Amino acid sequence: MSDKLNYYVNEHAVVDDGVEIGEGTKVWHFSHIQKGSKIGKNCVFGQNVNVGNNVTIGNYCKVQNNVSIYEGVTLEDYVFCGPSMVFTNILDPKCKYPQVGAQFYVKTLVREGASIGANATIVCGNTLGKHCMVGAGTVVTKDVPDYALVIGIPGRVAGWVSEAGKKLMFDKDGKAFCEKSGRTYFLKNNIVTSD
């Protein structure tokens, strides 16, 4: 790290050597960014956030208080992680039979614009689709489609949302328009796409 930082790290946060942090990113109190992590520009990490070794995080991500992003998890651009939501990276954790090191970690991908609500749990090995929304307290146990609204334990698709997070109401032709995002969305064979 250079002497003149183009990002902010609170005096009570820890950033290990060998970390890349993009311009305009803010790391707040009691957070820890571990060695080998790559963080994009204009991200915000709230209080008590832990970013594990070798994690990649895109641009414009917001990670709220008390979130740990473990090795094996990748966040694309514009991902929102709500307060105290949980990622995992091992499917069968056992203290008596430890699994330490990247070769044991099951990867999780969070695609562009996905939003994860407070206290949600994301079981490793799954992909959260572009612009999906995971409701507060939801437990995700399988892949989440693009633009899906997923709620419950286990998580199930309860509807569809726009890139801006507005609930989509499709007409008989499978079209919906979102004024906030200014885009038209199409539902066909339980898959949502946009123009």
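Keep in mind the model is a prediction, meaning the values are calculated, not measured. (Residues numbered from 1 in each chain as written. Predicted model: local features only at pLDDT ≥ 70, side-chain atom pairs only at ≥ 80, totals over all residues. Heavy atoms only, no water.)

Trainee: It is not clear to me how the overall build of the protein chain should be interpreted in this structure. Could you clarify?
Mentor: Scanning the protein chain for helices and strands turns up zero helices and 25 strands. Here the protein chain holds 195 residues, and 39% of them are scored as buried. Looking at the protein chain alone, contacts between residues at least 24 apart form 15% of all its contacts between residues at least 6 apart. On the protein chain, roughly 10,500 Å² of surface is accessible, and the fraction owed to carbon and sulfur atoms is 50%. Taking the 20 positively charged and 18 negatively charged side chains of the protein chain as two groups, their mean positions are separated by 6 Å. (Helix = DSSP H or I, 4+ residues; strand = E, 2+ residues; numbered from the N terminus. Buried < 20%, exposed > 50% of the residue type's maximum accessible area, 1.4 Å probe, protein only. Contact = heavy atoms within 4.5 Å. Areas by Shrake-Rupley, 256 points an atom, 1.4 Å probe, with all protein chains shown as cover. Lys, Arg positive; Asp, Glu negative; His and termini not counted. Charge placed at Lys NZ, Arg CZ, Asp CG, Glu CD.)

Trainee: Even after reading the chapter, I still don't get the sheet that holds strand 1 (residues 8–9), so can you show me in this structure?
Mentor: Strand-to-strand pairing in sheets goes through backbone hydrogen bonds, with the strands running parallel or antiparallel. If you trace the nine strands from one edge of the open sheet to the other, you get 1-4-7-10-13-16-19-21-22, paired in mixed fashion. Of all strands in the sheet, those bounded by a partner on one side alone are strand 1 and strand 22 (156–160). Taken together, the two bridges between strand 13 (residues 80–81) and strand 16 (residues 115–116) define a ladder with parallel strand orientation. When the sheet's bridge partners are listed, Cys81 is paired in strand 16 with Ile116. (Pairing = 2+ DSSP bridges.)

Trainee: In this structure, what is going on with the sheet that holds strand 15 (residues 108–110)? I would like to understand it.
Mentor: Ordered by their spatial adjacency, six strands build an open sheet running 3-6-9-12-15-18, and the pairing between neighbours is parallel. Single-partner strands in this sheet number two, and they are strand 3 (20–21) and strand 18 (127–128).

Trainee: I keep staring at the packing of aromatic side chains and nothing clicks. Help me out?
Mentor: The description of an aromatic ring pair rests on the distance of the ring centres and on the angle between the ring planes. Scanning all chains against the criterion turns up three aromatic pairs. On the basis of an interplanar angle of 50° and a centroid distance of 4.9 Å, the ring pair of Tyr8 and Trp28 is categorised as tilted. Of this pair, Tyr8 sits in strand 1 while Trp28 sits in the loop between strand 4 (26–27) and strand 5 (32–33), placing them 20 residues apart in sequence. You can call Tyr8 partly exposed: its relative accessible area is 33%. (Phe/Tyr/Trp six-rings, centres within 6.5 Å; stacked < 30°, edge-to-face > 60°.)

Trainee: Looking at this model, I keep getting lost on the state of the cysteines. Mind explaining?
Mentor: One covalent bond between the sulfur atoms of two cysteine residues makes up a disulfide. Scanning the entire structure with this criterion turns up zero disulfides. Just so you know, Cys81 is unpaired, no disulfide at all, and the nearest cysteine sulfur is the one on Cys61, 7.2 Å from it. The exposure class of Cys81 is buried, given its relative accessible area of 0%. For the unlinked cysteine Cys95, the closest cysteine sulfur is that of Cys124, found at 16 Å. Taking the relative accessible area as the measure of exposure, Cys95 reaches 82% and is therefore exposed. (Disulfide = S-S within 2.5 Å.)

Trainee: Even after reading the chapter, I still don't get the environment of Ala118, so can you show me in this structure?
Mentor: Within the secondary structure layout, Ala118 lies in the loop between strand 16 and strand 17 (121–122). Overall, Ala118 belongs to the partly exposed group, its relative accessible area being 27%. Residues Ala118 and Met133, spaced 15 residues apart in sequence, show a C-alpha to C-alpha distance of 11 Å. Each residue touching Ala118, except ones within four places of it in the same chain, is listed here: Gly82, Pro83, Ala136 and Gly137.

Trainee: What is the right way to read the pattern of salt bridges from this model?
Mentor: Oppositely charged side chains may form a pair once their charged atoms are brought near each other. Here the structure, examined in full by the defined rule, presents four salt bridges. Through salt bridges with shared partners, one network takes in Glu163, Arg183 and Asp195. (Salt bridge = Lys/Arg side-chain N within 4 Å of Asp/Glu carboxyl O.)

Trainee: For this particular structure, what's the right way to read the pairing of strand 24 (residues 183–188)?
Mentor: Regular strands place their side chains on alternate faces of the sheet. Pairing between strand 23 (residues 175–178) and strand 24: four bridges, direction antiparallel. Bridged to Lys175 within strand 24 is Phe186. Connecting strand 23 to the antiparallel partner strand 24 that follows it, the hairpin turn spans four residues, and Gly182 within it adopts a positive phi of roughly 70°. The pairing of strand 24 with strand 25 (residues 191–194) spans four bridges and is classified as antiparallel. Across the sheet, the residue bridging to Leu187 is Val192, located in strand 25.

Trainee: Quick question: what am I supposed to make of the pairing of strand 22 here?
Mentor: Bridging between strand 21 (residues 148–151) and strand 22 involves four bridges; their strand directions are antiparallel. Looking across to strand 22, one finds that Val150 is bridged to Val157. Linking strand 21 back to strand 22 in an antiparallel pair, the connection comprises four residues, with Gly152 at a positive phi of about 100°.

Function cannot be inferred from these measures alone, as they are strictly geometric.
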